[in-house]
Amino acid sequence: MIYVIAIGAFQALTAVALLGSSKLRSKADFLLILLLCCIAAHLAIKFCIYSFVNDNEVRTQMNTFIGFCYGPLLYLYACQRRDAAFIPASRWYVFLPFILGAVGYLTVVCVLMWSADAGHAVLYYYNETTTWMMMVLGFLFPGLSLRIAKQLPDMPQEKKLINSISYLLGIISIISLGFKTAQSVHLLDSSYNYNIICRDIVYSLLLVVCLVIIRYKYVGIIGAQPVKAAAQTVAAAEILPSRRMQLSTEEQRMLLQSLEAYLHKTKIFTDAELNLDKLAQGAGISKYHISETLNSYAGKSFYQYINEWRIRRAMEQIRFMNEKALPVNVLTLAYDCGFKAKSSFNQYFKKITGLTPTEYIKSLVAASVTIHE
């Protein structure tokens with residue numbers, strides 16, 4: 001078991017470093033980083049217990065309260081992926097079991113230091129209570145997360161990530177419930193401590209959670225194309241099979257209005273991986289009709305059209321921050337609006353507005369000063 005714990009803790013810290021160093025991480029990704037930190041802390045505590053504590057009951061039975069964080073953090077991550085304006089702290093109450101677990105854990109530690117016999121008695125009730133609570137919450141929060149994931153049709157990768165972690169946390173609860181039930185009805189040999197086997201499986205599944213996060217977040221990031229290569233792919237992607245005009249001018253006008261309403265509502269243009277197929281699937285409109293409307297009616301390519309939406313969002317955010325006298329980080333703004341690189345953001349911003357982002361910010365500041373004078 002000690003090797004599984006050590007590998008798991010190392011894997012969690014590696015995932016934190018990889019995801020934390022990514023320039024393309026979103027605000028919601030900090031919840032994943034916190035989840036990975038909790039896994040690392042959980043396994044590190046267990047490593048210390050198995051390495052330095054001689055009390056066999058503490059080594060094999062004492063639950064770590066950090067496990068109460070996994071489900072809530074996944075749930076909050078799903079909420080923020082569904083709504084970028086969601087504030088995780090607004091649902092602080094989901095961490096009440098974690099707080100109560102921490103109080104119970106520290107109480108057991110204090111009693112054990114005072115009296116081993118009394119500490120073992122308190123440990124039994126603490127372990128029983130937290131085990132059942134973790135199993136119940138291990139079904140509740142993954143279930144809520146799966147429900148939210150169904151509302152993310154425009155984010156297939158995020159949906160898969162949330163689903164995968166939810167299933168893994170659910171499996172942990174199922175395995176724990178199976179062992180606990182078998183022990184309660186005396187189906188397992190009482191002379192052997194099956195808690196060790198159960199914990200081995202649980203820690204292995206936590207290791208898989210770390211690998212899943214790396215797979216869907218970091219691997220996808222490093223697989224992003226360089227700007228030059230991406231530009232070539234963009235050009236190739238926009239060359240659709242030759243087709244005759246299928247929509248009338250009025251139909252194109254109505255389709256464009258519907259498309260703009262969809263973009264305004266979902267803000268899907270801030271997705272750095274957005275392409276014509278993903279937009280068509282999300283909006284429920286044929287990609288050929290979208291391409292035809294943009295090229296014929298709007299006189300723009302798909303990426304030109306999307307980048308204009310991104311630049312408009314950037315301008316709105318700059319004006320808002322200028323009104324609030326807040327500093328503007330151009331790189332962060334570029335990523336937030338859907339660009340993969342600051343250079344492409346600057347290029348499109350100047351092409352559309354005639355100014356670089358820095359020049360535009362300075363012009364707003366100068367205008368504000370003039371008005372106050």
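Residues numbered from 1 in each chain as written. Predicted model: local features only at pLDDT ≥ 70, side-chain atom pairs only at ≥ 80, totals over all residues. Heavy atoms only, no water.

Across its full length, the protein chain holds 16 helices and zero strands. Of all 373 residues assigned to the protein chain, the portion counted as buried reaches 41%. For the protein chain, the proportion of contacts with a sequence separation of at least 24, taken over those separated by at least 6, is 72%. If you sum the accessible surface of the protein chain, you get close to 20000 Å²; carbon and sulfur atoms cover 62% of it. (Helix = DSSP H or I, 4+ residues; strand = E, 2+ residues; numbered from the N terminus. Buried < 20%, exposed > 50% of the residue type's maximum accessible area, 1.4 Å probe, protein only. Contact = heavy atoms within 4.5 Å. Areas by Shrake-Rupley, 256 points an atom, 1.4 Å probe, with all protein chains shown as cover.)

To continue, consider the nonpolar core. Counting residues in each nonpolar core, the largest one holds 65 residues, and the members touching the most others are Ile39, Tyr70, Leu161, Ile165 and Ile213. Taken together, the elements giving at least two residues each to this core come down to α1 (2–20), α2 (29–52), α4 (70–82), α5 (96–114), α6 (116–149), α7 (156–184) and α8 (195–222). In terms of nonpolar packing, the next biggest core, distinct from the first, is built from 20 residues, Ile268, Ile290, Tyr303 and Tyr305 among them. (Core = buried A, V, L, I, M, F, W, Y, C linked by side-chain atoms within 4.5 Å.)

The next point concerns the confidence of the model for the protein chain. Looking at the protein chain as a whole, its pLDDT mean stands at 82, while 85% of the residues score no less than 70. Looking across the protein chain, the model is least confident in helix α9 (residues 227–237), with a mean pLDDT of 42, and most confident in α5, with 92. For residues 220–243, every residue scores under 50 in pLDDT, and the model assigns this stretch 17 contacts once sequence neighbours within four places are set aside. (pLDDT = per-residue confidence, 0-100.)

Let's shift gears to the side chain of Gln80. With respect to the helices and strands, the residue Gln80 is situated in helix α4. Gln80 gets classed as buried once you look at its relative accessible area, which sits at 11%. With sequence-adjacent residues up to four places away left out, Gln80 is seen in contact with Lys27, Ala28, Leu31, Phe86 and Pro88.

The next point concerns the packing of aromatic side chains. For any pair of aromatic rings, geometry is given as the distance between the ring centres together with the angle between the planes. Tallying each qualifying case throughout the model produces 13 aromatic pairs. Where Phe65 meets Phe98, the ring centres are 5.4 Å apart and the plane angle is 45 degrees; that geometry is what we call tilted. Within this pair, whereas Phe65 is found in the loop between α3 (56–61) and α4, its partner Phe98 is found in helix α5, the two being separated by 33 residues in sequence. Take Phe65: its relative accessible area is 15%, and that puts it in the buried class. The class for Phe98 is partly exposed, based on a relative accessible area of 24%. (Phe/Tyr/Trp six-rings, centres within 6.5 Å; stacked < 30°, edge-to-face > 60°.)

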